[in-house]
Amino acid sequence: MIFFSNSVIVFIFIEALLLLLLSIAFINVVGILKSWDFSATSTKQYLLEKRSYLVLLIIFFTLGFKIILLPYFIYMIDELNVLVPGAMCAAGVINSNIYGVYLLSLKVRILFLVGLWIILNHYDLQAKDYPFFKKKLWLFILIFFLIIAESILDIFYLINIVTDTPVSCCSAIYGVSGISNPIPFDLHVSELLGLFYLLYGLTLISALYRYALLSLFSNMAFLYSAYYSVVYFFGTYVYELPTHLCPFCMLQAEYFYSGYFIWGTLFLGTFFGISAALLQYITGKEIKKMYRYSLAFNSAFILFCSSYVLLYYIRNGVFL
Amino acid sequence: MIQLENINKIYNESRPNSFQALKDISLHVSKGELLILKGVSGSGKSTLLSIMGSLIKPSSGSVIVDGESIAKLPDLHASNFRAQKLGFIFQSFNLFEALSVADNVAIPLTNQSLTLEALHVSVGDAMEIAHISHKKDTEVRLLSGGEKQRCAIARALVNSPKVILCDEPTANLDSINSQKFIATIKELNALGKTIVIATHDPIFETLDARVVNIENGSLLKR
Amino acid sequence: MKKFLPYIFILLIMAGIITIFLSRASQQQMLTVHEGNTEYKPLPIKLGHYQDTQCGMPIEHLMNSAQAIAPNGKTWFFDDVGCLAIWMQDKEFKDKLIIWVYAKDTKTWIDAHKAWYSLTDKTPMHYGFSAHTNKKENYIDFVSMQLRMLRNENMSNPHFRRELLGEH
């Protein structure tokens with residue numbers, strides 16, 4: 001029944017088209033990688049250079065569309081909550097079968113790699129002699145295989161979305177069960193928040209002073225702690241309800257789609273922080289802009305989340 | 001200044017109508033040299049000139065201009081290289097008829113991030129050398145053939161190129177204007193510019209220049 | 001000094017992070033099972049650091065706590081004898097367990113099978129069964145206590161609670 005939904009049809013169509021284009025690009029990339037020698041002035045090399053221009057263009061546009069497709073995927077599963085009994089938001093739909101969480105996690109990881117590829121491609125094209133050409137093609141091959149896995153998971157997930165059996169809503173999925181603490185390392189919320197702000201401090205220092213290794217690890221740790229902090233603390237101030245724990249409900253209109261800003265800034269901030277380090281390792285060059293973007297987005301994320309708490313306190317005189 | 005090694009150019013490669021325009025050409029042009037590429041229509045001289053100017057890539061072989069392997073440059077860098085190092089004078093001028101002389105001359109400087117003042121100075125100097133300053137505000141469509149050619153020369157000079165490439169520059173000029181063009185070429189060569197002229201016009205025999213004959217895509221040995 | 005400032009901040013932040021984890025770890029050294037108790041004696045329970053195997057709660061008081069020792073010396077701990085009753089029902093070695101309960105009246109460890117259990121006492125998991133050395137009216141034996149736990153006839157069941165307390 002979900003396959004009659006407009007958003008699902010659009011999603012499947014675009015995914016199939018992108019996969020087709022990426023497959024064509026993949027076949028060409030394998031051929032280019034086998035014979036590429038930029039210093040050569042043979043006919044074969046000139047033809048490879050000509051072909052690689054088109055192939056890279058195809059890859060650039062399809063991967064660019066993949067970036068847009070993730071928020072659309074989230075919008076799509078949020079829309080499907082009306083068809084899935086028991087689901088009040090995307091959380092219920094994503095957890096309606098075992099594939100959902102793995103699929104979403106894989107999509108986010110692919111997005112990271114896609115962003116990395118786009119930036120690496122940009123710096124490669126800026127140079128006269130394609131210094132990162134082979135590296136970016138190998139990265140594309142990795143991304144391609146992950147996208148194949150993603151497509152398979154997409155099919156399994158969509159086929160297995162139940163419309164006749166109630167699923168758990170976000171309160172059941174993310175709520176504290178009484179016995180086990182869902183926050184990792186059995187941290188209390190106050191300890192989690194302490195960790196969250198301390199890790200932000202680390203990302204801040206790593207961005208200001210451009211410490212690559214510190215940026216890599218602090219942003220990874222910050223992303224991890226930020227996810228739990230948003231779900232188990234800041235989210236409650238978005239919903240103004242201490243028992244409402246959900247990363248997806250804040251994507252809805254009634255909360256002014258604030259979830260897109262929250263998750264978007266977090267993703268971008270940590271992406272730039274992690275990528276700055278990875279690209280420095282790959283290219284051998286320090287890319288100052290990336291650190292600045294990481295600083296900007298992480299700070300925007302922190303300010304936005306903290307402002308919910310502050311505004312609540314100002315309005316009500318108490319915390320939740 | 002210009003080094004061509006084993007240049008081959010095949011149009012429509014791997015197709016039934018493929019045609020080899022250049023066959024294993026090796027040619028060196030020294031800095032400040034004036035070279036005439038002489039050959040009849042279809043001999044491959046325009047193709048060779050376009051390869052020298054990075055307008056097209058060879059099928060094989062290397063092209064080094066002012067130390068840069070231009071055939072290997074990606075399009076963006078090739079465009080930048082042309083804008084900074086090369087000047088072109090085409091047979092059909094390739095000017096924008098609706099724009100003025102000054103505007104046409106300024107076009108190569110569009111992406112150079114110059115201030116308006118610096119731009120005006122460069123354009124003025126180029127028009128001065130090409131003896132077309134008196135027509136700076138005139139629309140190109142109102143110029144004579146000779147004046148259009150001077151406008152094209154000014155445009156070729158505005159970015160202070162090290163190399164000037166001319167493809168049949170006198171094809172659309174009468175003999176008087178052709179003579180004037182030759183005089184201008186001598187002046188430019190005296191300024192230290194490396195100049196390559198692809199032509200079959202015998203008027204260029206009056207120039208004190210090296211002549212290389214090209215026939216059916218190959219250089220003729222003297 | 002200015003050169004070292006970022007490093008100082010990093011060290012301070014790392015110290016803060018380590019402090020958080022250390023404080024969590026020190027609260028968290030929960031023991032759920034002890035190996036090698038081949039003497040089958042009741043082990044001393046470190047309050048706040050031993051965890052009930054069945055319900056996961058830390059054992060905060062000796063009162064109402066219990067220990068079950070398997071033939072191989074493995075010892076499990078419980079903050080409420082009701083939890084022990086639930087836990088042992090599916091164990092193959094349940095008949096071979098040596099079970100100690102902390103008696104409320106004599107404040108000593110006694111054999112669970114020899115203890116008597118009240119029905120309406122306040123216990124950590126609200127089951128109501130508190131172990132006593134000495135029998136009193138309405139106290140039941142271990143087997144009866146087990147049965148009542150498995151049939152949910154205890155104080156945690158609101159319907160049964162009313163009956164036990166004589167409320168109508």
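Structure: see above.
Residues numbered from 1 in each chain as written. Chains lettered and ligands numbered in written order. Predicted model: local features only at pLDDT ≥ 70, side-chain atom pairs only at ≥ 80, totals over all residues.

Some remarks on the overall build of chain B
Per the secondary structure count, chain B includes six helices and 10 strands. Its C-alpha radius of gyration of 17 Å places chain B within 12% of the 17 Å reference for a compact globule of 222 residues. The proportion of buried residues among the 222 residues of chain B is 41%. Contacts spanning at least 24 positions in sequence make up 72% of the contacts within chain B whose residues lie at least 6 apart. (Helix = DSSP H or I, 4+ residues; strand = E, 2+ residues; numbered from the N terminus. Rg over C-alpha atoms; globule rule 2.2 N^0.38 Å. Buried ≥ 20, exposed ≤ 12 C-beta atoms within 10 Å, placed from the backbone. Contact = placed C-beta atoms within 7 Å.)

So, the overall build of chain C
A tally of helices and strands in chain C yields four helices and seven strands. In sequence order, chain C lays out its α and β elements as α-β-β-β-α-β-β-β-β-α-α. Seen along its three principal axes, the alpha-carbon backbone of chain C occupies a region of about 80 × 45 × 30 Å. Long-range contacts, defined as pairs at least 24 residues apart, comprise 52% of the intrachain contacts of chain C with a sequence gap of at least 6.

Looking at the pairing of strand E4 (residues 60–65) of chain B
Residue and element names in this part refer to chain B. Pairing of strand E1 (residues 2–11) with E4 involves five bridges; the strand directions are antiparallel. Looking across to E4, one finds that Asn-8 is bridged to Ser-60. As consecutive antiparallel partners, E4 and strand E5 (residues 68–69) are separated by two residues, and within that stretch Asp-66 has a phi angle of approximately 50°, a positive value. (Pairing = 2+ DSSP bridges.)

Some thoughts on the interface of chain B and chain A
In this complex, chain B contributes 10 residues to the contact, which on the side of chain A involves seven residues. Of all elements in the fold, only E4 and helix H2 (75–85) of chain B reach the threshold of two or more residues within the side of chain B that touches chain A. For the side of chain B that touches chain A, the element with the most residues is E4(B), which contributes three residues. Of the residues contributing to the side of chain B that touches chain A, the split by class is three nonpolar, five polar and two charged. (Nonpolar A, V, L, I, M, F, W, Y, C, P; charged D, E, K, R; others polar.)

Some remarks on the interface of chain A and chain C
Taken together, the contact pairs 12 residues of chain A with 12 residues of chain C. Of the residues belonging to the side of chain A that touches chain C, the class tally is eight nonpolar, two polar and two charged.

Let's talk about the sheet that holds strand E8 (residues 194–199) of chain B
Residue and element names in this part refer to chain B. One open sheet holds the six strands; their spatial order is E6-E7-E8-E3-E9-E10, and the pairing between them is mixed. Looking at strand neighbours, the two that pair on one side only are strand E6 (86–89) and strand E10 (218–219), the edges of this open sheet. The pairing of strand E7 (residues 163–167) with E8 spans five bridges and is classified as parallel. By the bridge assignment, Val-163 is partnered in E8 with Thr-194. In the packing of helix H5 (residues 145–157) onto the sheet, the strands contacted are E6 and E7, and the crossing angle to E6 comes to about 170°. (Axes fitted to C-alpha atoms, helices over the stretch in contact; angles between N-to-C directions.)

Description of the packing of helix H4 (residues 99–126) of chain A against helix H9 (residues 258–283) of chain A
Residues and elements named next belong to chain A. H9 packs onto H4 with a crossing angle of 45° between their chain directions and a minimal axis gap of 10 Å. Classified by the angle their axes make, H4 and H9 are oblique. Considering how the two elements wind past one another, H4 and H9 form a crossing that is right-handed. The residues of H9 that touch H4, namely those facing Phe-112, Gly-115, Leu-116, Ile-119, Leu-120 and Tyr-123, are Phe-271, Ser-275, Leu-278, Leu-279, Ile-282 and Thr-283. (Parallel < 35°, antiparallel > 145°, perpendicular 65-115°, else oblique. Left-handed = near helix turned anticlockwise from the far one by under 90°.)

Some remarks on the sheet that holds strand E2 (residues 66–69) of chain C
Residue and element names in this part refer to chain C. Reading across from one edge, E1-E3-E2-E4-E5 is the order of the five strands in this open sheet, with antiparallel pairing throughout. Each end of this open sheet is capped by a strand with a single partner; those strands are strand E1 (33–34) and strand E5 (109–111). Of the pairings in the sheet, the one linking E2 to strand E3 (residues 75–78) comprises four bridges and is antiparallel in character. Paired with Ile-69 across the strands is Thr-75, a residue of E3. Set on the sheet, helix H2 (residues 81–88) makes contact with E2, E3 and strand E4 (98–102); between it and E2 the angle comes to about 25°.

Details of the arrangement of the chains
Looking across the two pairs of chains in contact, one finds the most contacts between chains A and C. Considering only C-alpha positions, the minimal separation of the non-contacting chain B and chain C is 38 Å.

Quick look at the nonpolar core
Residues A:Cys89, A:Ala90, A:Val93, A:Cys170, A:Cys246 and A:Phe248 are the most contacted members of the largest nonpolar core, which totals 84 residues. Considering every element that reaches this core, the biggest residue donor is helix H8 (residues 212–239) of chain A, with 11 residues. Residue assignment places this core across two domains, with domain 1 (2–159) and domain 2 (175–316) of chain A each supplying three or more. A:Cys170 has contacts with A:Met88, A:Cys89, A:Ala91, A:Gly92, A:Leu245, A:Cys246, A:Phe248 and A:Cys249, leaving out every residue within four places of it along the chain. Judged by nonpolar contacts, the second largest core, of 58 residues, contains B:Leu86, B:Phe93, B:Val140 and B:Val163. (Core = buried A, V, L, I, M, F, W, Y, C linked by C-beta atoms within 7 Å. Domains from an automatic or database assignment.)

Quick notes on the environment of A:Asn219
All names here are of chain A. Tracing the chain through its elements places Asn-219 in helix H8. Remark: the alpha-carbon pair of Asn-219 and Lys-285, spanning 66 residues in sequence, is separated by 20 Å. Setting aside anything within four residues of it in sequence, one finds Asn-219 in contact with Thr-203, Thr-270, Gly-273, Ile-274 and Ser-294.

Here we look at the pairing of E6(B)
Residue and element names in this part refer to chain B. Burial of the side chains of E6 extends over both faces: Leu-86 and Phe-88 are buried on one face and Gly-87 and Ile-89 on the other. By the bridge criterion, four bridges tie E6 to E7 in an arrangement that is parallel. Across the sheet, residue Gly-87 finds its bridge partner in E7, namely Ile-164.

Points about unusual backbone geometry
Despite not being glycine, B:Asp66 has its phi angle at roughly 50°, a positive value. Mapped onto the fold, B:Asp66 is located in the loop between E4 and E5.

Comments concerning the environment of A:Leu146
All names here are of chain A. Following the sequence through the fold, Leu-146 ends up in helix H5 (residues 133–159). Judged by C-beta crowding, with 16 C-beta atoms within 10 Å, Leu-146 ranks as partly exposed. A sequence separation of 40 residues divides Leu-146 from Leu-106, and the C-alpha atoms of the two residues are 7.9 Å apart.

Observations concerning the environment of B:Ile7
Locating B:Ile7 in the fold gives a position in strand E1. As for B:Ile7 and B:Lys57, which are separated by 50 residues in sequence, their C-alpha atoms are 9.8 Å apart.

Some remarks on the packing of helix H7 (residues 189–209) of chain A against H8(A)
Each pair of packed helices can be summarised by the angle the axes make with each other and by the distance between the axes. All names here are of chain A. Where H7 meets H8, the axes come as close as 8 Å, and the angle between the chain directions of the two elements is 145°. With respect to the hand of their crossing, H7 and H8 are arranged in left-handed fashion. Taking contact as the criterion, the partners of Val-189, Leu-192, Leu-193, Leu-195, Phe-196, Leu-199, Tyr-200, Leu-202, Thr-203, Ser-206 and Ala-207 in H7 are, on H8, Leu-214, Ser-215, Ser-218, Asn-219, Ala-221, Phe-222, Ser-225, Ala-226, Tyr-228, Ser-229, Tyr-232 and Phe-233. Taken together, the residues that form the contact of H7 with H8 break down as 16 nonpolar, seven polar and no charged.

Nothing here speaks to function; it is all geometry.
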